[in-house]
Amino acid sequence: MTRLAARLGLALPLLQAGMGAVAGPGLCAAVSRAGAGGTLALYKEPPARAARLVREVAAATGRPFGVNVVPEVTGPAACLDQLRAVLPELPRGAFVTSFGLPEADAARAVQAAGHPLVVQVGTLADAGTALGLGAAVLVLQGTEAGGHLLGPLPVDPLLTAVRARYPHAVLAVAGGIATGQDLADAVARGADGAMAGTLFVPAAESTAHPQFKRRVVEAVADDTLITSLFDIGWPHRPHRVLRNPLTTTAQRAPATFIATARVDGRSYPVPRYSAAAPGEGTTGRIEEMAMYCGRSCTRVTARHPAAVTVARLSREYESARSPRTASPGLADVTTAPASGSHKPDRIQER
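Not measured: the values here are computed from a predicted model.

Novice: I'd love a proper account of the overall build of the protein chain, names of residues and values included.
Specialist: Secondary structure summary: the protein chain contains 11 helices and 15 strands in total. Computed over C-alpha atoms, the radius of gyration of the protein chain comes to 19 Å, within 12% of the 20 Å expected from 2.2 N^0.38 for 350 residues, which places it in the range of a compact globule. Its C-alpha atoms put the protein chain at 50 × 50 × 40 Å along the principal axes. Relative to all contacts within the protein chain whose residues are 6 or more apart in sequence, the contacts with residues 24 or more apart total 63%. When the accessible surface of the protein chain is totalled, it reaches about 14,300 Å², and 55% of it is carbon and sulfur.

Right under this line is the structure:
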């Protein structure tokens, strides 16, 4: 058992990322029941609905799970409102993850409620700040990861720097995790566990749009790129996405409405270049929307229930930690193809 698993009460030292439009109550509860760290995305959820979603997860699993907030998107006041609504609903053993640094008031609220605070960062400086805020766990995000990027470094040099500066910190890595071997390698390099997002996008319980799921399954690493295109609603933060018609054209198209997202019975227009990912209730020009995806997609080649994926990772992880008992992996994971998988990433500015 690693320090991450021990600190959060997990059977497998793996956290599921709290991805907006993907990580609803079904996915969170399924990952939790399987023994990993299921996480519910709060994103821009109104406080009352956020509390209702937490109650739904709590009724579906008796194992630890978390909720994820994104302070730089909601703003400090709205983030604190979300936390005040959900903290009373979280069962004992639940945790709170923050994408980026939370405000001090938010960090204090989580700690006062008795829940571990998990903070995702992308730089050595932010790692120190998060520990100063009382983070129990740091998630170190490398540029291999899908979604919005918190720093400029790949995950290995970031892990090396943070581990050297803070040798006793509980550290998970994010970026490049799709198999139990990936997880075992991260632990061997000094991490206490990992966080995975791309791995869970195609899960049966994921609320991602079917076209989003299909594209992740079909993609290889070089089908992703780092860009700044999808900035409406979340500016000033580069992000790794799957290539689409907007990323391959030189001229920025008009930011007109291209889709409609239906959430909790209400419809919301989605403009071209929105930061919103397509969920199962989205209709319209799905192919032009942001489909966040990490380079680990090369090894994500099938859609399964989350329990099957977590069980497979657990077997692979144990086999990798005990080489003499290693057995072949299952059919839903392949090795990276030789063509194009090692080309350098380019940041596309539009």
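Novice: Give me the pairing of strand S4 (residues 95-99): which residues, what numbers.
Specialist: Burial runs high along S4: 5 of the 5 residues are buried. Residue alternation in S4 divides its side chains into two sets, Phe95, Thr97 and Phe99 and Val96 and Ser98, and both sets are buried. Handedness of the crossover joining S4 and strand S5 (residues 117-121) through helix H6 (residues 104-112) is recorded here as right-handed.

Novice: Could you give an account of the sheet that holds strand S13 (residues 266-271), naming the residues involved and the relevant values?
Specialist: On the basis of which strands lie adjacent, the open sheet formed by 3 strands has the order S13-S12-S14 and antiparallel pairing. Every other strand in the sheet has two partners, leaving S13 and strand S14 (282-284) as the edge strands with one partner each. Strand-to-strand twist in this sheet, taken as the mean axis angle between neighbours without regard to direction, amounts to 25 degrees. Two strands pair when backbone bridges link them, and strand S12 (residues 257-263) and S13 are joined in this way by 6 bridges, in the antiparallel orientation. The partner of alanine 261 across the bridge, within S13, is tyrosine 268.

Novice: Provide a residue-level description of the pattern of salt bridges, including the pertinent values.
Specialist: A complete count under the given rule lists 17 salt bridges for this structure. The closest approach of N and O atoms between glutamate 72 and arginine 237, which form a salt bridge, is 2.7 Å. Linking glutamate 72 in helix H4 (residues 71-74) with arginine 237 in the loop between strand S10 (224-227) and strand S11 (239-242), this pair joins segments that are 165 residues apart in sequence. With a closest N to O distance of 3.3 Å, arginine 312 and glutamate 316 form a salt bridge. One end of the pair is arginine 312 and the other is glutamate 316, both in helix H11 (residues 306-321) and 4 residues apart, which spans about a single turn. No difference in accessibility class separates arginine 312 from glutamate 316, as the two residues are buried.

Novice: Give me the nonpolar core: which residues, what numbers.
Specialist: Of all hydrophobic cores here, the largest spans 110 residues; its most connected members are Leu14, Leu15 and Phe200. Setting aside residues no more than four positions away along its own chain, leucine 15 makes contact with Leu4, Leu8, Leu10, Gly37, Phe95, Val118, Val139, Ala194, Met195 and Ala196.

Novice: Describe the state of the cysteines, naming the residues involved and giving the relevant values.
Specialist: Summed over the entire model, instances satisfying the criterion amount to 0 disulfides. Lacking any disulfide linkage, cysteine 28 is separated from the closest cysteine sulfur, that of cysteine 79, by 17 Å. For cysteine 297, which is in no disulfide, the shortest distance to another cysteine sulfur is to cysteine 293 and amounts to 3.9 Å. We classify cysteine 297 as buried; its relative accessible area is 0%.

Novice: I'd love a proper account of the side chain of asparagine 68, names of residues and values included.
Specialist: Looking at the element boundaries, asparagine 68 is found in strand S3 (residues 65-69). With a relative accessible area of 7%, asparagine 68 lands in the buried category. Here glycine 18 takes part through its backbone oxygen, which lies 3.2 Å from a polar atom of the side chain of asparagine 68. A polar contact of 2.7 Å, which involves the side chain of asparagine 68, links it to the side chain of threonine 97. Beyond its immediate sequence surroundings of up to four residues, asparagine 68 is in contact with Gly18, Thr39, Leu40, Ala41, Leu42, Tyr43, Thr97, Ser98 and Phe99.

Novice: Go over the sheet that holds strand S1 (residues 14-16) with me, naming the residues and quoting the values.
Specialist: As summarised here, the arrangement of the 8 strands in space is S1-S9-S8-S6-S5-S4-S3-S2, forming an open sheet in which the pairing is parallel. At either end of the open sheet lies a strand with only one pairing partner, and these are S1 and strand S2 (38-41). Mean inter-strand twist for the sheet, computed between neighbouring axes without regard to direction, equals 25 degrees. Both S2 and S3 contribute to a ladder of 4 bridges, which runs parallel. Bridge pairing links alanine 41 to asparagine 68 in S3. Against the sheet, helix H7 (residues 124-132) contacts S5 and strand S6 (137-141), and its axis sits at roughly 165 degrees relative to S5.

Novice: Talk me through the environment of methionine 19; I want residue IDs and the actual numbers.
Specialist: The topology assignment puts methionine 19 in the loop between S1 and helix H2 (25-33). For methionine 19, a relative accessible area of 17% corresponds to the buried category. Between the C-alpha atom of methionine 19 and that of alanine 204, which follows or precedes it by 185 residues, the distance is 15 Å. Not counting the four nearest positions on each side in its chain, methionine 19 is found in contact with Ala41, Gly197, Phe200 and Val201.

Novice: Please provide a residue-by-residue account of the packing of aromatic side chains, values included.
Specialist: In this description, a pair of aromatic rings is defined by centroid distance and the angle of the planes. Tallied over the entire structure, the rule returns 3 aromatic pairs. On the basis of an interplanar angle of 90 degrees and a centroid distance of 5.8 Å, the ring pair of phenylalanine 99 and tryptophan 234 is categorised as edge-to-face. Of this pair, phenylalanine 99 sits in strand S4 while tryptophan 234 sits in the loop between S10 and S11, placing them 135 residues apart in sequence. An identical accessibility class is assigned to phenylalanine 99 and tryptophan 234; each is buried. Taken together, a centroid distance of 6.5 Å and an interplanar angle of 45 degrees make the contact between phenylalanine 230 and tyrosine 273 tilted. Of the two residues, phenylalanine 230 is situated in the loop between S10 and S11 and tyrosine 273 in the loop between S13 and S14; the sequence distance between them amounts to 43 residues. The pair formed by phenylalanine 230 and tyrosine 273 is uniform in burial state, with each residue classed as buried.

Analysis parameters
- Residues numbered from 1 in each chain as written.
- Predicted model: local features only at pLDDT ≥ 70, side-chain atom pairs only at ≥ 80, totals over all residues.
- Heavy atoms only, no water.
- Helix = DSSP H or I, 4+ residues; strand = E, 2+ residues; numbered from the N terminus.
- Rg over C-alpha atoms; globule rule 2.2 N^0.38 Å.
- Contact = heavy atoms within 4.5 Å.
- Areas by Shrake-Rupley, 256 points an atom, 1.4 Å probe, with all protein chains shown as cover.
- Buried < 20%, exposed > 50% of the residue type's maximum accessible area, 1.4 Å probe, protein only.
- Right-handed = clockwise from strand over helix to strand, strands pointing away.
- Pairing = 2+ DSSP bridges.
- Axes fitted to C-alpha atoms, helices over the stretch in contact; angles between N-to-C directions.
- Salt bridge = Lys/Arg side-chain N within 4 Å of Asp/Glu carboxyl O.
- Core = buried A, V, L, I, M, F, W, Y, C linked by side-chain atoms within 4.5 Å.
- Disulfide = S-S within 2.5 Å.
- Polar contact = N/O pair within 3.5 Å; in protein donor to acceptor, adjacent residues only side chain to side chain.
- Phe/Tyr/Trp six-rings, centres within 6.5 Å; stacked < 30°, edge-to-face > 60°.

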